[in-house]
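# What the coordinates show
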Amino acid sequence: MDITLERILSLIPKKEDGKFKHGALSAFARKLGFKDGHIVSDWIAGNSTSYLNYLYQISVLYNVSVEWLKGETDIKNPDLQTEAGWKQLAIDLLSQLTPEELDREIAYLQKRVNEKDN
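What you see is a predicted model, and the numbers here were worked out from it, not measured in a lab.

## Some thoughts on the packing of helix H2 (residues 24-31) against helix H3 (residues 38-45)
Where H2 contacts H3, the two axes come as close as 7 Å, and the packing angle between them is 105°. For the element pair H2 / H3, the angle class is roughly perpendicular. For the pair formed by H2 and H3, the contact residues are Leu-25, Phe-28 and Ala-29 on the first element and Ile-39, Val-40, Ser-41 and Trp-43 on the second. A class-by-class count of the residues in the contact of H2 with H3 yields six nonpolar, one polar and no charged.

## Side note on the nonpolar core
Across soluble globular proteins, nonpolar side chains show a tendency to be buried alongside one another. Of all hydrophobic cores here, the largest spans 21 residues; its most connected members are Ile-8, Phe-28, Val-40, Trp-43, Ile-58 and Leu-69. Elements with a contribution of two residues or more to this core: helix H1 (3-10), H2, H3, helix H4 (55-62) and helix H5 (66-70). In terms of residues, this core owes the most to one element, H2, which gives four residues. Excluding its chain neighbours within four sequence positions, the residues that come into contact with Val-40 are Leu-9, Ile-12, Leu-25, Phe-28 and Ala-29.

## Quick look at the pattern of salt bridges
For the structure on display, the rule yields one salt bridge. Note that Glu-83 is salt-bridged to Lys-87, the shortest N-O span being 2.9 Å. Placement of the pair is Glu-83 and Lys-87 together in helix H6 (residues 83-94), with a separation of four residues, close to one helical turn. The exposure class of Glu-83 is exposed, given its relative accessible area of 57%.

Reading the values: the criteria
- Residues numbered from 1 in each chain as written.
- Predicted model: local features only at pLDDT ≥ 70, side-chain atom pairs only at ≥ 80, totals over all residues.
- Heavy atoms only, no water.
- Axes fitted to C-alpha atoms, helices over the stretch in contact; angles between N-to-C directions.
- Helix = DSSP H or I, 4+ residues; strand = E, 2+ residues; numbered from the N terminus.
- Parallel < 35°, antiparallel > 145°, perpendicular 65-115°, else oblique.
- Contact = heavy atoms within 4.5 Å.
- Nonpolar A, V, L, I, M, F, W, Y, C, P; charged D, E, K, R; others polar.
- Core = buried A, V, L, I, M, F, W, Y, C linked by side-chain atoms within 4.5 Å.
- Buried < 20%, exposed > 50% of the residue type's maximum accessible area, 1.4 Å probe, protein only.
- Salt bridge = Lys/Arg side-chain N within 4 Å of Asp/Glu carboxyl O.

Take a look at the structure:
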């Protein structure tokens, strides 16, 4: 099991014995848009690596950085007390938008910057 999957699974509630709490896999999968937890079971069994397609969504839902999920850092949560933390969060959120949504957000931000400069 790779570090990305290990870290994703660490976000799912477990009982004291380390097993997932009843309904936890389904609840996790539903947050990602699946109807039940079978997809997570497939990830655990090694039948699918589709979890790689959901890293940005998981990062937002669970307030963890994509870099942490990928194993690129041990910093789990972005530090929103720093400019770098805010920038990383903005990048993570913007990267989840469709091209059309991104165009609208960029236009909005450009307008805000122009208003600020005037």
